[in-house]
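# A closer look at the structure
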2 protein chains.
Amino acid sequence: MTVLCNDPAAFADEALEGFVAAHAGRVRRVRGGVVRSAATPRGQVALVVGGGSGHYPAFAGWVGPGLAHGAACGNLFASPSAAQVASVARASEAGGGVILSFGNYAGDVLHFGQAAVRLRAEGLDVRVLAVTDDIASAPPESHGLRRGTAGDLVAFKVMGAAAERGLGIDEVERLGRRAVAATRSLGVAFGGCTLPGAAGPLFTVAPGRMALGLGIHGEPGIEERELASADAVADLLVDRLLAERPPWHVGYGEDRVAVLVNGLGETKYDELFLVHRRVAARLAAHGLRAVDPEVGELVTSMDMAGLSLTLAFLDDELAELWQAPADSPAYRKGIVEPRRDRTDDLETYAAPSPVAAGTEPSRSAATRLVAALGAIREAVAGAEERLGRLDAVAGDGDHGIGMRRGAESAATAGAEAAAAGAGAMTTLVLAGEAWSERAGGTSGALWGAMLTAFGAALGDEAAPGREQLAAGARAAVAAVTDLGGAAPGDKTLVDAAVPFAETLTRALAEGERLAAAWESAASAATRAAEATAAVPARIGRARVHGERGIGTPDPGAVSFALIVTALTEEF
Amino acid sequence: MTVLCNDPAAFADEALEGFVAAHAGRVRRVRGGVVRSAATPRGQVALVVGGGSGHYPAFAGWVGPGLAHGAACGNLFASPSAAQVASVARASEAGGGVILSFGNYAGDVLHFGQAAVRLRAEGLDVRVLAVTDDIASAPPESHGLRRGTAGDLVAFKVMGAAAERGLGIDEVERLGRRAVAATRSLGVAFGGCTLPGAAGPLFTVAPGRMALGLGIHGEPGIEERELASADAVADLLVDRLLAERPPWHVGYGEDRVAVLVNGLGETKYDELFLVHRRVAARLAAHGLRAVDPEVGELVTSMDMAGLSLTLAFLDDELAELWQAPADSPAYRKGIVEPRRDRTDDLETYAAPSPVAAGTEPSRSAATRLVAALGAIREAVAGAEERLGRLDAVAGDGDHGIGMRRGAESAATAGAEAAAAGAGAMTTLVLAGEAWSERAGGTSGALWGAMLTAFGAALGDEAAPGREQLAAGARAAVAAVTDLGGAAPGDKTLVDAAVPFAETLTRALAEGERLAAAWESAASAATRAAEATAAVPARIGRARVHGERGIGTPDPGAVSFALIVTALTEEF
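Residues numbered from 1 in each chain as written. Chains lettered and ligands numbered in written order. Predicted model: local features only at pLDDT ≥ 70, side-chain atom pairs only at ≥ 80, totals over all residues. Heavy atoms only, no water.

Next up on the list: unusual backbone geometry. With an omega of 10°, the peptide bond between Tyr56 of chain B and Pro57 of chain B qualifies as cis. Within the secondary structure layout, Pro57 of chain B lies in the loop between strand E3 (46-53) and strand E4 (70-76). Following Ala58 of chain B, the chain continues to Phe59 of chain B via a peptide bond in cis, the omega torsion being 5°. Relative to the elements of secondary structure, Phe59 of chain B occurs in the loop between E3 and E4. Although it is not a glycine, Phe77 of chain A adopts a positive phi angle of roughly 60°. (Helix = DSSP H or I, 4+ residues; strand = E, 2+ residues; numbered from the N terminus.)

With that settled, the discussion passes to the relation of the copies chain B and chain A. Superposing chain B onto chain A requires a rotation of 180° together with a translation of 0.1 Å along the rotation axis, leaving an RMSD of 0.1 Å. The symmetry that links the two subunits is that of a two-fold axis. No C-alpha of chain B lies nearer the rotation axis than that of Glu266 of chain B, which sits 2.5 Å from it. Most of the interface of chain B is mirrored in chain A, where 100% of its interface residues are also at the interface. (Least-squares fit on C-alpha atoms with pLDDT ≥ 70 in both. Contact = heavy atoms within 4.5 Å.)

Take the nonpolar core next. Among the nonpolar cores identified, the biggest contains 210 residues, and Trp62 of chain A together with Trp62 of chain B are the most heavily contacted of them. Not counting residues within four places of it along the chain, the set of residues in contact with Trp62 of chain B comprises Pro57, Leu67, Ala68, Asp152, Leu153, Phe156, Leu298, Val299, Ser328 and Tyr331 of chain B. (Core = buried A, V, L, I, M, F, W, Y, C linked by side-chain atoms within 4.5 Å. Buried < 20%, exposed > 50% of the residue type's maximum accessible area, 1.4 Å probe, protein only.)

What follows covers the domain arrangement of chain A. All names here are of chain A. If you check the domain split of chain A, you get domain 1 (8-183 + 226-327) and domain 2 (360-570). With centres defined by C-alpha atoms, the gap from domain 1 to domain 2 works out at 33 Å. Contacts between the two partners involve 22 residues from domain 1 and, on the opposite side, 17 residues from domain 2. Counting the surface lost from both domain 1 and domain 2, the interface buries some 1,600 Å², and carbon and sulfur atoms represent 49% of this. Taken together, the connections running from domain 1 to domain 2 amount to one salt bridge. Notably, a salt bridge pairs Glu437 with Arg31, separated by 3.4 Å at the nearest N-O pair. One can count three residue pairs in polar contact (both at pLDDT 80 or more) joining domain 1 with domain 2. At the level of secondary structure, the elements contributing two or more residues to the side of domain 1 that touches domain 2 comprise strand E4 (70-76), helix H2 (82-92) and helix H3 (106-121). No other element matches the five residues that H3 contributes to the side of domain 1 that touches domain 2. In terms of residue class, the side of domain 1 that touches domain 2 is built from 11 nonpolar, eight polar and three charged. (Domains from an automatic or database assignment. Buried area = accessible area lost by both parts, 1.4 Å probe. Salt bridge = Lys/Arg side-chain N within 4 Å of Asp/Glu carboxyl O. Polar contact = N/O pair within 3.5 Å; in protein donor to acceptor, adjacent residues only side chain to side chain. Nonpolar A, V, L, I, M, F, W, Y, C, P; charged D, E, K, R; others polar.)

A separate point is helix H11 (residues 399-419) of chain A. All names here are of chain A. Taking 1.5 Å as the rise per residue, H11 with 21 residues should run 30 Å; its terminal C-alpha atoms sit 30 Å apart, in good agreement. Counting buried positions over the 21 residues of H11 gives 16, a clear majority of the element. Directly after H11, the chain includes Gly421, whose backbone phi takes a positive value near 100°. (Expected span 1.5 Å × (residues − 1).)

The next thing to look at is the UniProt feature "domain: DhaK" (unreviewed entry) in chain A. Here the UniProt-annotated "domain: DhaK" (unreviewed entry) positions come out as residues 7-331 of chain A. The annotated region residues 7-331 of chain A carries 33% helix and 24% strand content, and the separation between its end C-alpha atoms amounts to 30 Å. (UniProt positions renumbered as here; feature names shortened; annotations may be inferred.)

Accessible area lost when the parts come together is the quantity often used to give the size of an interface. Chain B puts 50 residues into the contact, and the matching count from chain A is 50 residues. In total, about 4,300 Å² of surface goes out of reach between chain B and chain A, with carbon and sulfur atoms giving 63% of it. Looking at the side of chain B facing chain A, the largest losses of area belong to Leu4, Asp270 and Phe273 of chain B, adding up to 16% of the total buried there. Summed over the shared surface of chain B and chain A, the result is six salt bridges. At the boundary of chain B with chain A, the tally comes to 26 residue pairs in polar contact (both at pLDDT 80 or more). Counting residues per element, the ones that place at least two in the side of chain B that touches chain A are helix H1 (11-22), helix H6 (230-242), helix H8 (269-285) and strand E11 (289-296) of chain B. No other element matches H8 of chain B, which puts nine residues into the side of chain B that touches chain A. Of the residues belonging to the side of chain B that touches chain A, the class tally is 28 nonpolar, 10 polar and 12 charged.

Encoded structure:
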């Protein structure tokens, strides 16, 4: 379990600081993550990778010549925000365009996607490439819905080497897509990790059992079975992966595979070598040649017990790029000629923008909104553990910690903005940006969007009345359905948010006072959240994770209900 | 815990096989361990390191240009045998002499020392250098008695770089001794590792507590205290290590230190980075400059939870060698020019020597000895867990597994020898060699020597009678006191062996039959073993481990008594 910690909320930031201090000659910290300290030749395509923290060496450990140009580093198991991704991309780009690449998780897709929109608006050529190697997370015909795990490294390595050769962005992207199409992973888990400050593990596997295909954050696997010998585990993984060997690899008589035996944290080197011993023998028996095998910790999940096997089916093009030199803190291969340090000024980590002043009435409203943000913070802090446990059933267990970090950051940013003279709109917009950036993950993006939309309805001029507040609440809910694309019944936050907005609108139309209308709407949201567990899911999480998703509650609905209920006290 | 395993007894061998398969371009397997696959320039000093398995990257992960030339790999947490060390040294040496280096543990000192004696007899210039960096294991004035932990890497790196420069063996040895003198480590542990096939961890630390200075096999620490924050742990380690900053480092105004933050297994990268963040800040506040810090897993202890900090106080000479290039499976730095593969024939792993045939009477005696070896095997197998637990109190917990492996190997080798026509002596000598080589550790060396000495007293010609058997038993006991240098009361195997030999001799002199005399002697050994726990220790383990050694029983005496008692059935 994770035992060394100062403030759990600062864990990921402090770890990144210690990482940068250890590798000062290789990486530099920028707002949102790290970039190479070595200069990138002008015109080279920049590869920006990233994801949640807690997976070291993924992702910051892979920044360097021949691999990534920058890594956006989210909080623990939570996607970096769009602002973080965009910041790292701006500090990485060298005139050849930017490829954003990451493991295929909902939060990452959302944030990297939003970052791409922003960066394109700034005139950059940006490509987005999600890695989808984990065969346990969706059937072969839905390859694009699969999660990304240790196969990330293969795709990043191929693209980093291609960029290093000076290939154009179309070609680097094409090779990256080929690498993703050629790469398959499958893992087994024996026990879950314990997040900093948590009382117990995110999930458990019964002693003597193993979970096949469990995700790196504890997402449900394919099946649970009796713990087998090292050889039997290796056989199981090899057989399942070889069953998905692409027809072209067989058809063209190719025999090369990149092999990655990846420890998730607690499963140590000798165990990994034991498994590799059998994997190597099995591949040889199939007439396959392992090219530059990697056995060690590549994509960890804190101290989770388990391992994964990745096979990437290579041809000349992919093999050459996989074998090309690279020099990053955690991955070095061949000889990379030393390069002088970059001399440009990088955007620094702390760069607060000046706050626009509001009118006196709007500033007075901002003070009340700061109190409301404080109430949200308190409500979320009190429910953190419960939300985390709820999320671990179907998701990655980061909902509690993400919501707490987001709500705390929003309350702090809102208070600072109001103290600096901001009106209602600016106070909520800055609070929303802080929530999104500091919380990361899907919920961070959604709550950031809600606060921003709510704020926009209030303005910085007039004192917001009952109409503006109601419009703001409805705008916030609309922002969520716009952003996430989910519908009621998908068992997301929308399940609670839509009845809330409908009830609020109807009650106000019937002439109820705002406080009473809000209370009715909050009750509707609570009832809807409670019902999510009983309603089969149609899409979203459930589709990604297979049948096990059915019947599992989405914690987003629960936390939405919790927050709107807490706010009834503020009227 | 360790969950992936085939046959626990084959764990270390199979892991090494998988390691070599993963790094076929860098290392080659030889009898006893691994050597570089790259050719070593003629006349270069060869650095041969080693120790027990279960500590990866130590030791096999550090074989390559700029680091070690070979690594002797013992069983799990058990020293390689002298034969293994000698074999790896022979395959490594390139005409410039050999330096044998390892962490300072009793078994390693014994086996590497014996290997040096053998190799010198073959005409090689061999130097022996034990690393003694762990400040928890003895006070500063007894620096030479301290254990070796992650500081191994500093000494090996300095010597490997010095050898790579073509320096002579005197100079490489001098630099190695300077590196050891300049290096200090201290660790904290939060929980013990679980060996393959074991039902529970080797030791535990109560939740919310941490053990300061606990050894990498669970050897007792300095003190237990409440679990502190990451910063407080960093402060504690930095303060204790800086208190031992050598006067010359202060006096000459030196400000460079090599910094190693080493994870023991379960304590993951983000936690290590968190600690490194504070270590870096504290060193900077002391005006010290970190040179090429290493933060990661360097000397692990299976899945043990905890970490250690190493500081090596550098000057120009040491700093230059610490920063020099190296290219090994687990440690790479700078640019090492590719070198062609070595083309000499390496001694292969399996090289059984032909068995000398005995006379018919001696072969008949050999058959009875094979039965006796079988009885030893059964007795030891039944007591394995108890012996392991006993050893974990004061030692490294490997006694049970080591004894089982040794007894099994001896029984097998003895049976094979007898089947091939060996007489009594050859059967026991081959059984003894197998015990020593396969069991490793101190007890492996001692039991190997006992069987060999016993066998030598029997010869391969005449049927051994009561006199020869009694003489053999006494010779075996004498071999132990010669080899280990321990006296009765030191709480070693000798405590049981000496009363055994004395009682046997006296009973036979009084005209008792051998079976009865043996039984009395076995009873004396059992009483003596039971008494070891009550008698304060004078030297040996107790001295190395400080006050905590007093009152802890040595499992060697217990297993000796167990075995001689089991043998009473054979008369």
